[in-house]
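Structural overview
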Amino acid sequence: MNTSDTSTTIAVADDRSPSTAVIDLLARVKGVDPLDLEPLYSAIDPDALDALCRSGSGFDSIEFTYGGHGVTIAATDGELEITIASERSPVSESPGHETADTESSL
């Protein structure tokens, strides 16, 4: 995936957790084993993500960055769809960059 407008989308089956589906889809997009990815909890709390997406509280969508890719989970027509955007260059508001900027300014 070399262009910034490329993405991959899947629907999440009822028997899979959204957090597991994100890991599996990103591994497929990157062409690596899921165990070779950084832990999902480095980007978002997997338990909180699963609870949010499965709750009946009117969940609409959530976006976050994981493994250098934009991830969107959206509720559409009673199903969850996960979209992994093509790899992006790091953004200044990512947690790692905030820490580095803060540490370098001390």
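Residues numbered from 1 in each chain as written. Predicted model: local features only at pLDDT ≥ 70, side-chain atom pairs only at ≥ 80, totals over all residues. Heavy atoms only, no water.

**Some words on the overall build of the chain**
Secondary structure summary: the chain contains three helices and four strands in total. Starting at the N terminus, the α and β elements of the chain follow one another as β-α-α-β-β-β-α. Scored against the burial criterion, the 106 residues of the chain give a buried share of 30%. Sequence separation of at least 24 residues holds for 47% of the intrachain contacts in the chain that already meet a minimum separation of 6. Total accessible area on the chain is roughly 6700 Å²; 48% of this is exposed by carbon and sulfur atoms. (Helix = DSSP H or I, 4+ residues; strand = E, 2+ residues; numbered from the N terminus. Buried < 20%, exposed > 50% of the residue type's maximum accessible area, 1.4 Å probe, protein only. Contact = heavy atoms within 4.5 Å. Areas by Shrake-Rupley, 256 points an atom, 1.4 Å probe, with all protein chains shown as cover.)

**With respect to the nonpolar core**
Grouped together as the largest cluster of nonpolar side chains are 22 residues, with contacts concentrated most on Val-22, Leu-49, Phe-64, Tyr-66, Val-71, Ile-73 and Ile-82. Secondary-structure elements contributing two or more residues to this core are strand S1 (7-12), helix H1 (18-30), helix H2 (46-54), strand S2 (61-66), strand S3 (69-76) and strand S4 (79-87). By residue number, the principal contributor to this core is H1, which donates six residues. Beyond its immediate chain neighbours, meaning those up to four positions away, Leu-49 contacts Ser-19, Leu-40, Ile-44, Ile-62, Phe-64 and Ile-73. (Core = buried A, V, L, I, M, F, W, Y, C linked by side-chain atoms within 4.5 Å.)

**Some words on the environment of Thr-65**
Residue placement: Thr-65 occurs in strand S2. Judged by relative accessible area, Thr-65 falls into the partly exposed class, the value being 49%. In this structure the C-alpha to C-alpha distance between Thr-65 and Ile-84, which are 19 residues apart in sequence, comes to 9.3 Å.

**Description of the pattern of salt bridges**
Applying the stated criterion to the full structure yields one salt bridge. Notably, a salt bridge pairs Arg-16 with Asp-24, separated by 2.3 Å at the nearest N-O pair. (Salt bridge = Lys/Arg side-chain N within 4 Å of Asp/Glu carboxyl O.)

**Quick word on H1**
Taking 1.5 Å per residue, 13 residues should reach 18 Å; H1 reaches 18 Å between its end C-alpha atoms and fits that length. Those residues of H1 not exposed but buried are Pro-18, Ser-19, Ala-21, Val-22, Leu-25, Leu-26, Ala-27 and Val-29. Tucked inside the fold, the buried residues of H1 contact S1, H2, S2, S3 and S4. Trailing H1 by a residue or two, Gly-31 shows a phi angle of about 70°, which is positive. (Expected span 1.5 Å × (residues − 1).)

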